[in-house]
Every structure is written in structure tokens, then in C-alpha cells.
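Residue-level listing of the chains:
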Amino acid sequence: MDLNTLWFVLIAVLFIGFFFLEGFDYGVGILMPFLGKDDRTRRVIINTIGTFWDGNEVWLLTAGGAMFAAFPHWYATMFSGFYLPLVLMLLALIIRGVSFEYRSKDESPRWRTFWDWMLFTGSFVPALLWGVAMANLIRGVPIDGNMQYTGGFFNLLNLYSLVGGLTSLALFTLHGAIFLNLKTVGDLREKSRAVAQKLWLPTTALIFIFTIYGYFETDMFTRLGVDPGVVPILAGVAILLSGWLIRNNYSGWAFIMTGITIAASVTTIFMGLFPRVMVSSLNDAWSLTIYTASSSDYTLKVMSIIALIFVPIVLIYQSWTYWIFRQRISHESELEY
Amino acid sequence: MDALMLARWQFAITTVYHFFFVPLTLGLSIAVAIMETIYVRTGKEEYKRMTKFWGKLFLINFAIGVVTGIVQEFQFGMNWSEYSRFVGDIFGAPLAIEALLAFFLESTFLGIWIFGWEKLSRKMHAITMWIVAIGSNLSALWILIANSFMQQPVGYVIRNGRAEMSDFFALLTNGHVWVQFPHVFFAGMCTAAFFILGISAWHLFKKSEDALVYQKSFKFGVVYGLIGTLMVILVGHSQAQYMIKIQPMKMAAAEALWQNENPAAMSLFTIGNEKERKDVFAIRVPALLSFLAYNRFEGEVKGINDIQQEYEQLYGPGNYVPPVAISYWTFRIMTGLGFVMLFMLLFGLFKVLKGSMDFAPLYLKLMIGGIALPYLANSTGWIFTEIARQPWAVFGVMRVEEAVSVAVSSGEVFFSLIAFTLLYGSLMAATVYLLKKYAVAGTSEVIPEAH
């Protein structure tokens, strides 16, 4: 495997980590106003992700940084091309991050309700937009021979990408509901399981619709063949299994299954892209690849050494935090904030 | 306005806004870590109250620094795609490393710190705050490594139509980093100190309960601030001497020095005519600029017109003169405030050394207002160092107008500029409201814990 491929894989891994982790905390943020009928319950719900959300979001920052360092043209073309959706995403992430910190800092119910809805919006919008972005990435967007995006905002809003957006929204919300079920007790635990049960069918349906739609809208499956291989099938099997596991109250396993669905779906998309990083809908020769978009060999080498040293360290201490805060959170817990 | 101008405004607004909150994070993280360490070492309860009180304010401020930082990392690709293409090979690396080494560290361990009071041993809990402080300051280091490349590009070759990294270690050992980073680091200490001093002064002025905490905080602030401010000034001095060597135009603009001079006089007050590049009215101290530049009363300091000619030879025709008035005044405000702050602290030290915490109401009021000074100095400092580099994005290598995104229309930038400005404006209101609320409430609000 050459370094270009290694970095493509590494960025895929960063996105998988990001969607797996931030996926459930988006879901928790989306469900919070609906499952939390009183202030204390809302605080409990927020505290299930309070410790983790910021560390989870750094996966995105690192993925962005890695794209910049390893594939500057990918970073430049995609970020300038997807300009308005990214602005919306940033606005959402800003209000979301602030809500966590600010909502409990004032007792006024209006203040709290306001920030709770900001947290909802800040979780809802990115959960939707990430699906839109991934769908456009694999579907292809107008890119000219100079690696410049030539479309506008509405090129990004096609039916396929909207289905992609709804799929990621549903999947993250389901993932979050199961996480809540894992992290809480009593009434809240029951309610979140009921929500997960309700969400399961539409989520599964969307995933299959999105996949089948992909056969017509993208070249992914002509490239992968009719038998797409083990990874996409794994995504499908895992989501089917999760339904049975939720019903039978194996929430830990169900969480692993939605996690596998997320990981395998992102992997499928990256496999469909490879060795391209941005697909041009105008001319296949204008697509950006891991070779045309990449940094020099020297830079990739330097970055590889740094990544090999520090990624494992990050994984160790992030796992450690999940271990320290492994207990379920109840209304009786010390809700330090 | 065209897309370029709008993108410049957006970058300026979002960056200045971001850095409005960052220095307090840098300095206060260390201050809180020190307080908690004293608590763990001595077991004195007042230090726990101090840790919680200043820690709470730290968190409010930290949140907004973090979320506005995300915009910074994405903005290069969004608004400056041609910049990203041209220098991504060398400039992307420190940004990626910043995320991997610093962002993960500060965000993960801050989560542990907030929620871990009952889960960790006291010692371990204090250590997590130290890790947060290290993470925050490490992030400053890496982003300044990136910024230093723009001020003094090193470790690259122009190949394949772009700047490619040829020596990673040259980026790290770039002389510019090691004058700029300490300057920012100590400015963070200074900012945190004035924040602590101002709020403590308010409570001392109001004779709040728990006076012990505010007295100890005040003493801490005086010492912490003196170290910070003194070092900012000293490092700033060597930074200026460094600037004369690598960016003479920046220094010439800072001094509104139109022609080469030997020995060079320093301007105390100049009203200039920027178009015709000459003074309208000026009070100047002979030979002082040479002294500041070279530690002796002679030596040539280059002037704007001469450097302009030199650069035309070097880089081709064009205007290489940055906006002189802005450079001149921001530089003066920054340096002037440094000395004002130093005197305010020295007076405090004088009183504290005499063993008296009985400050005159006027001094306390001054210290409350003093909270604003480091913010003003931090902002003018950055506005100066970035504006006086113009027209360059990367000094001598890439101009700002070559750096802007091709695919983004002026309408799109207009929308985002308005959206960010409005959102940032309202967040500023919310943040100031909360900081004020918790600052005024004092330690009664943090012990017992509010939920």
C-alpha cells in the first residue's frame, strides 16, 4: 500500500470514528427535547454525552486537518464547492457547542428552552447535512478540468442526496436512542428503547432505499459489481439484527450493530470512491484522485510518522474516558455542571 | 464589494473574534491548574473555591473559543481554496497536527475535568486540568507554526506549481515561531491575570463575602500578571528586532518611516499623508528607533519608499506598502497598553509587598476597567501583524488576491459574512451576560454546585 492509499484509508477511518461517535451524540441532541419532559430529565439526557461530545467532534477537525495536509486539492475543491452547506453546518456546530455549556447557566425556563432547541437544531442540521454531503461525494458533482467546482448550491440538493440526508439523520437518531437506552435507568431507559423500536423500521427502510437508489444514481455498484462484497452486506445485516436486538433488550449489542452499520456504510462509500476523492459529473478524467489531489511524498511520510505515533495515544485516552464514565446516569446522579 | 474583499472581511472578523476568547483560555487554564494544584498540596478549602470559581468562568469562555475555532480550520478551504492548493502541502501539516495533538487532548480532558470531581482522585483531577492547559497552549504553538510560515516561509521548495514541504523541522525551528509563540503565550497570562484582577477588584470594592478568595486571587493575579506582562514586553522587543530583519516593511509601516534613516528616529506621534507618503506633523525622538532595533544609537532602519523600490526589483511591479495608518496606530495601541498594564501591576505589587490588601477605591475601579486592556492589546496586535504583512498572504510567495476561492461567488460570501457576524454578535452578548453573572455571583454560586 502506498502512502496515498494509506492516507485515503486513514481519512476514511477518521470519518468512521467521527460518524460512529458524534453520530450518537447528534442523536441524543435530537431526541433530548422530546424525551426530556422536565428540566432534570433534560439535564440527565445531556449529561449522557456531556463528557464526550467535544472529544467526538475533534474527530471531524482531525479529518478536516488530515484532508488539508494529505490531499490539499480535495480539501480545497470540496470545501469551496460545498460552500453554503458547510456554512450551515458550521453555524449549527457553533450553536450546538455553546448550548452544552450555556443552557444550565441560567435558571430562567425561557433561557433553557431556547438553548435546548438550539442544541436540537445544532444536532439535527449536521446529522442531515452529512448524509447530503456523502451522497453528493459519491454521486459526483460538476468539477472542471482545473479541479474547480462549477455548480451552485442547488446542484447539491438533488433527490438522491436528500434521501442520503434523511438516511443519516434517521441512522444517527436511532444510534443515539440506543445509546440513551444504554446510559440511563428507569423511565428514560424504557422510553428511549421505545423510540429506538419505532425508529428502527423507517431507518432500515431508508438505508435500503438509499442503497438501491445508489445503483441508479452512482457508478459505485457498476464498479463494485452486482455482488458488492462483504462490507455493504455487513451494513445491511447489522441494521436488520439491531431491530431484533432492540426488541429483546440487548441494547449493548444493538448499539454495536448500529455502529457497524455506520462504519460499513461509510466504508462502502469510500470504497466506491477509491481511488477517487471527488467524482466529477462532467468528465471522469476530471475527477480528483488520491494521486492528483495529494501532497508530496515527503509530506505524506512526515504525516504518516506523526499519525502512527499519536493516533494510538488518542485512542487510548479517549477509551479511558468512556471507561471512567461508563456508569448509567440517573436523576439521582451527581449532575455536576 | 467583490468576493475577495468580502472573504477578507469574513476572515478578519471571524479571526479577531476567535482570538478575542483564546488568550483567556490559554492563560486561565494554567491559572486554574495552579490553583487546583495548591488545593491538592495544601488542602486549603479556599483554593478549591478559587478553582471552582475561576474554573466556571474558564468554561464559559472556553466553549466559545472552541466553536469559533472550527470555522477557522474550515475557512481556508472554503474561502481560500487557491491558498490551500498552493501551500497545503506544507501548511496543512501543522493544522492536522494541531487537531491530533492538541484538540483531542484539551477537549477530552476538559470533559473529564468537568464531570470527574467525584470520579477521580484529587491529584488525578488536578492533573487533568494541567493536561487541558498543555493542550490549549500546544494548540497555540501549532497554529503559530502555521502562521509563522505565512510571515517567514521556510522549509519549502516551489515544485509542481506549488509550495512543497522540503524540511519539516525547518517549520518547527523557524525563528519566527520562537518569538511569536512566547509573545502569545505570555499575552495569555497577562489577559488571564487582568481578568482575575478585575473581577477580584470588583468583589473587594463591593466588600463581598468570602473576601479571602478575592484577596488571594488578587495576589495571585498580580504575580501572574507581572510575569506575563513583563515577558510580553521583553519578548515583544526581540520580536520587533526580528521583524526588522525579516519583514522590514512591517516595521517601517509600524513607525511610519518613509525613507531610510541612519540613525533612525522613532515617532512618538505622527499624522501622515498616506497617499503622498510623507509626514504632515510628527514628533520624533532622534536615534531611538536605531537603538530599539540594534541596541545602539546608530544603524540604518529602512523606510517604506526604499523598501517599495527594492521589492519592485525583487517581485515585479506592484504596491508593497501595507495600510500605514492602521499599522502605525495598532502598533502604538498594543505597545502603549503593555506599559500601562505594567504600571498598574507594579502599583499592585507595591501594595501587596507592603502587606496591605486595603486598596484605594480608585485603584480597584481602575483594575475593574483594566479587564478590557489586554483584549484591546491582543486584538490590535494581531490586526497589526496581519495587516502590515499585506499585500502578502505568504510573505514574498503568494499575494492575498491570488489566494481566494474560485468556486465561491460574492453572493455566497456575503451571505456567510452576514450570518457569521450576526451569530457571533449574539453569542458575544450571551457570553458577556454569563461571564458577568457568574463573576458577580462570586464563590457563592459555585459552592454549593448549581445544577
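Because the structure is a prediction, the values reported are computed rather than measured.

1. A closer look at the overall build of chain A
Phase 1: Secondary structure summary: chain A contains twelve helices and two strands in total.
Phase 2: The linear arrangement of helices and strands in chain A, starting from the amino end, is α-α-α-α-α-α-α-α-α-α-α-β-β-α.
Phase 3: Relative to the compact-globule value of 20 Å for 337 residues, chain A shows a C-alpha radius of gyration of 20 Å, a close match.
Phase 4: Here chain A holds 337 residues, and 64% of them are scored as buried.
Phase 5: A separation threshold of at least 6 residues defines the contact pool for chain A, and within that pool the share at least 24 residues apart is 79%.
Phase 6: Of the side-chain charges in chain A, 21 are positive and 22 negative, and the distance between the mean point of each set is 7 Å.

2. Describing the interface of chain A and chain B
Phase 1: Between chain A and chain B, the residue contacts involve 70 residues of the former and 78 residues of the latter.
Phase 2: Of the roughly 6,700 Å² buried between chain A and chain B on both sides combined, carbon and sulfur atoms contribute 71%.
Phase 3: There are two salt bridges connecting chain A and chain B.
Phase 4: A:Asp106 is the partner of B:Lys437 in a salt bridge, and the nearest nitrogen-oxygen pair spans 3.5 Å.
Phase 5: Scanning the region where chain A abuts chain B turns up 26 residue pairs in polar contact (both at pLDDT 80 or more).
Phase 6: Of all the elements in the fold, those that place two or more residues in the side of chain A that touches chain B are helix 2 (39-50), helix 3 (53-70), helix 4 (72-81), helix 5 (83-102), helix 6 (109-139) and helix 12 (297-324) of chain A.
Phase 7: Each residue belonging to the side of chain A that touches chain B can be placed in one class, and the counts come to 40 nonpolar, 20 polar and ten charged.

3. Concerning helix 6 (residues 175-206) of chain B
All names here are of chain B.
Phase 1: Along its 32 residues, helix 6 runs 47 Å from first to last C-alpha, staying within 8% of the 46 Å computed at 1.5 Å per residue.
Phase 2: Counting buried positions along helix 6 yields 26 of 32 residues, so the element is predominantly enclosed.
Phase 3: Backbone geometry just downstream of helix 6 places lysine 207 in the positive-phi region, at approximately 50°.

4. A few points about the nonpolar core
Phase 1: Judged by nonpolar contacts, the single largest core of 248 residues is most densely connected at A:Phe15, A:Trp74, B:Trp54, B:Tyr83, B:Phe91 and B:Phe218.
Phase 2: Looking at which element gives the most residues to this core, the answer is helix 3 (residues 81-115) of chain B, with 21 residues.
Phase 3: In contact with B:Trp54, other than residues within four places in its own chain, are B:Leu28, B:Val32, B:Met35, B:Phe195, B:Ile196, B:Ile199, B:Ser200 and B:Ser217.
Phase 4: Grouped together as the second largest cluster of nonpolar side chains are 15 residues, B:Ala240, B:Ala254, B:Leu257 and B:Val301 included.

5. Considerations on the environment of B:Ile246
Residue and element names in this part refer to chain B.
Phase 1: Tracing the backbone shows isoleucine 246 in helix 7 (residues 211-246).
Phase 2: In this structure, the C-alpha to C-alpha distance between isoleucine 246 and leucine 314, residues 68 residues apart in sequence, is 15 Å.
Phase 3: Among all residues touching isoleucine 246, those that are not within four sequence positions of it are Gln151, Gln152, His176 and Phe395.

6. So, the pattern of salt bridges
Phase 1: Within the structure shown, the criterion is met by 25 salt bridges over all chains.
Phase 2: Among the ionic pairs, B:Arg162 bridges to B:Asp89, the shortest N-O distance being 3.7 Å. With a gap of 73 residues between them, B:Arg162 in strand 2 (residues 162-165) and B:Asp89 in helix 3 connect regions that are remote in the sequence.
Phase 3: Judged by its relative accessible area of 9%, B:Arg162 falls in the buried class.
Phase 4: The buried category is assigned to B:Asp89, whose relative accessible area is 0%.
Phase 5: Several salt bridges converge on common partners, so that one network encompasses A:Asp39, A:Arg42, A:Arg103, A:Arg112 and A:Asp116.

7. Side note on helix 4 (residues 122-151) of chain B
Phase 1: For helix 4 of chain B, which comprises 30 residues, the first-to-last C-alpha distance of 43 Å matches the rise-based estimate of 44 Å (1.5 Å per residue) to within 8%.
Phase 2: Summarising burial for helix 4 of chain B: 21 of the 30 residues are buried, a large majority.

8. Here we look at the domain arrangement of chain B
Residues and elements named next belong to chain B.
Phase 1: The domains assigned to chain B are domain 1 (3-246 + 323-446) and domain 2 (248-321).
Phase 2: Each partner contributes to the interface: domain 1 provides 26 residues, whereas domain 2 provides 24 residues.
Phase 3: When domain 1 packs against domain 2, the two sides together hide about 2,100 Å² of surface, and 60% of this comes from carbon and sulfur.
Phase 4: Our enumeration of links across domain 1 and domain 2 arrives at one salt bridge.
Phase 5: In this structure, glutamate 255 engages arginine 332 in a salt bridge whose closest nitrogen and oxygen atoms are separated by 2.7 Å.

9. Some points on the side chain of B:Ser208
Residues and elements named next belong to chain B.
Phase 1: Along the chain, serine 208 falls in the loop between helix 6 and helix 7.
Phase 2: Polar side-chain contacts of serine 208 include one of 2.8 Å to the side chain of histidine 203.
Phase 3: If sequence neighbours within four positions are ignored, serine 208 has contacts with His203 and Tyr214.

10. Remarks on the side chain of B:Ser267
All names here are of chain B.
Phase 1: With respect to the helices and strands, the residue serine 267 is situated in strand 3 (residues 266-273).
Phase 2: Using a relative accessible area of 2% as the deciding quantity, one classes serine 267 as buried.
Phase 3: At a separation of 2.6 Å, a polar atom in the side chain of serine 267 contacts the side chain of threonine 270.
Phase 4: Setting aside anything within four residues of it in sequence, one finds serine 267 in contact with Glu255, Ile283, Arg284, Tyr328 and Arg332.

11. Focus on the packing of helix 1 (residues 3-42) of chain B against helix 15 (residues 410-441) of chain B
All names here are of chain B.
Phase 1: Orientation of helix 1 relative to helix 15, taken along the N-to-C sense of each, is 20°, at an axis distance of 9 Å. As summarised for this structure, helix 1 and helix 15 are arranged roughly parallel, according to the angle between their axes. Crossing of helix 1 against helix 15: the hand is left-handed. Where helix 1 abuts helix 15, its residues Ala3, Leu6, Ala7, Trp9, Gln10, Ile13, Thr14, Tyr17, Phe20 and Phe21 lie against Ser410, Val413, Phe414, Ser416, Leu417, Phe420, Thr421, Tyr424, Leu427, Met428 and Thr431.
Phase 2: Across the contact of helix 1 with helix 15, the residue classes tally to 15 nonpolar, six polar and no charged.

12. Considerations on the pairing of strand 4 (residues 278-285) of chain B
All names here are of chain B.
Phase 1: As paired elements, strand 3 and strand 4 share seven bridges and run antiparallel to each other. Paired with serine 267 across the two strands is arginine 284, which belongs to strand 4.
Phase 2: Following strand 3, the chain reverses through four residues before pairing antiparallel with strand 4; arginine 277 in that reversal takes a positive phi of roughly 50°.

13. Brief notes about the environment of A:Thr222
All names here are of chain A.
Phase 1: Turning to its location among the elements, threonine 222 is positioned in helix 9 (residues 220-224).
Phase 2: For threonine 222, a relative accessible area of 67% translates into the label exposed.
Phase 3: The spacing of threonine 222 and glycine 272 is 50 residues in sequence and 9.5 Å in space, taken between C-alpha atoms.

14. Some remarks on the packing of aromatic side chains
Phase 1: If you walk through the whole model with that rule in mind, you get 80 aromatic pairs over all chains.
Phase 2: Residues A:Trp74 and A:Phe270 carry aromatic rings whose centres are separated by 6.5 Å and whose planes lie at 65° to one another, so their mutual orientation is edge-to-face. Of this pair, A:Trp74 sits in helix 4 while A:Phe270 sits in helix 11 (residues 251-273), placing them 196 residues apart in sequence.
Phase 3: Exposure remark for A:Phe270: the relative accessible area of 3% places this residue in the buried category.
Phase 4: Directly above the ring of A:Trp323 sits A:Arg326, whose terminal nitrogen or CZ lies 3.8 Å from the centroid.
Phase 5: Geometry around B:Tyr328 places B:Arg332 over its ring, the cationic atom sitting 3.9 Å from the centre.

15. Quick notes on the confidence of the model for chain B
Phase 1: Looking at chain B as a whole, the pLDDT averages 93, with 98% of positions reaching at least 70.
Phase 2: Predicted complex, confidence summary: ipTM 0.92, pTM 0.93.

16. A few points about unusual backbone geometry
Phase 1: For the bond from A:Phe274 to A:Pro275, the omega torsion is 0°, close enough to zero to count as cis.
Phase 2: Of note, A:Pro275 is situated in the loop between helix 11 and strand 1 (276-278).
Phase 3: Located in the positive-phi region is B:Asp210, a residue other than glycine, with phi close to 60°.
Phase 4: On the secondary structure map, B:Asp210 appears in the loop between helix 6 and helix 7.
Phase 5: Under the relative-accessibility criterion, B:Asp210 is labelled partly exposed at 22%.
Phase 6: The phi torsion at B:Ala287 lies on the positive side, around 65°, for a residue other than glycine.
Phase 7: B:Ala287 gets classed as buried once you look at its relative accessible area, which sits at 11%.

So, how was this worked out
- Residues numbered from 1 in each chain as written.
- Chains lettered and ligands numbered in written order.
- Predicted model: local features only at pLDDT ≥ 70, side-chain atom pairs only at ≥ 80, totals over all residues.
- Heavy atoms only, no water.
- Helix = DSSP H or I, 4+ residues; strand = E, 2+ residues; numbered from the N terminus.
- Rg over C-alpha atoms; globule rule 2.2 N^0.38 Å.
- Buried < 20%, exposed > 50% of the residue type's maximum accessible area, 1.4 Å probe, protein only.
- Contact = heavy atoms within 4.5 Å.
- Lys, Arg positive; Asp, Glu negative; His and termini not counted.
- Charge placed at Lys NZ, Arg CZ, Asp CG, Glu CD.
- Buried area = accessible area lost by both parts, 1.4 Å probe.
- Salt bridge = Lys/Arg side-chain N within 4 Å of Asp/Glu carboxyl O.
- Polar contact = N/O pair within 3.5 Å; in protein donor to acceptor, adjacent residues only side chain to side chain.
- Nonpolar A, V, L, I, M, F, W, Y, C, P; charged D, E, K, R; others polar.
- Expected span 1.5 Å × (residues − 1).
- Core = buried A, V, L, I, M, F, W, Y, C linked by side-chain atoms within 4.5 Å.
- Domains from an automatic or database assignment.
- Axes fitted to C-alpha atoms, helices over the stretch in contact; angles between N-to-C directions.
- Parallel < 35°, antiparallel > 145°, perpendicular 65-115°, else oblique.
- Left-handed = near helix turned anticlockwise from the far one by under 90°.
- Pairing = 2+ DSSP bridges.
- Phe/Tyr/Trp six-rings, centres within 6.5 Å; stacked < 30°, edge-to-face > 60°.
- Lys NZ or Arg CZ within 6 Å of the ring centre and 35° of its normal.
- pLDDT = per-residue confidence, 0-100.

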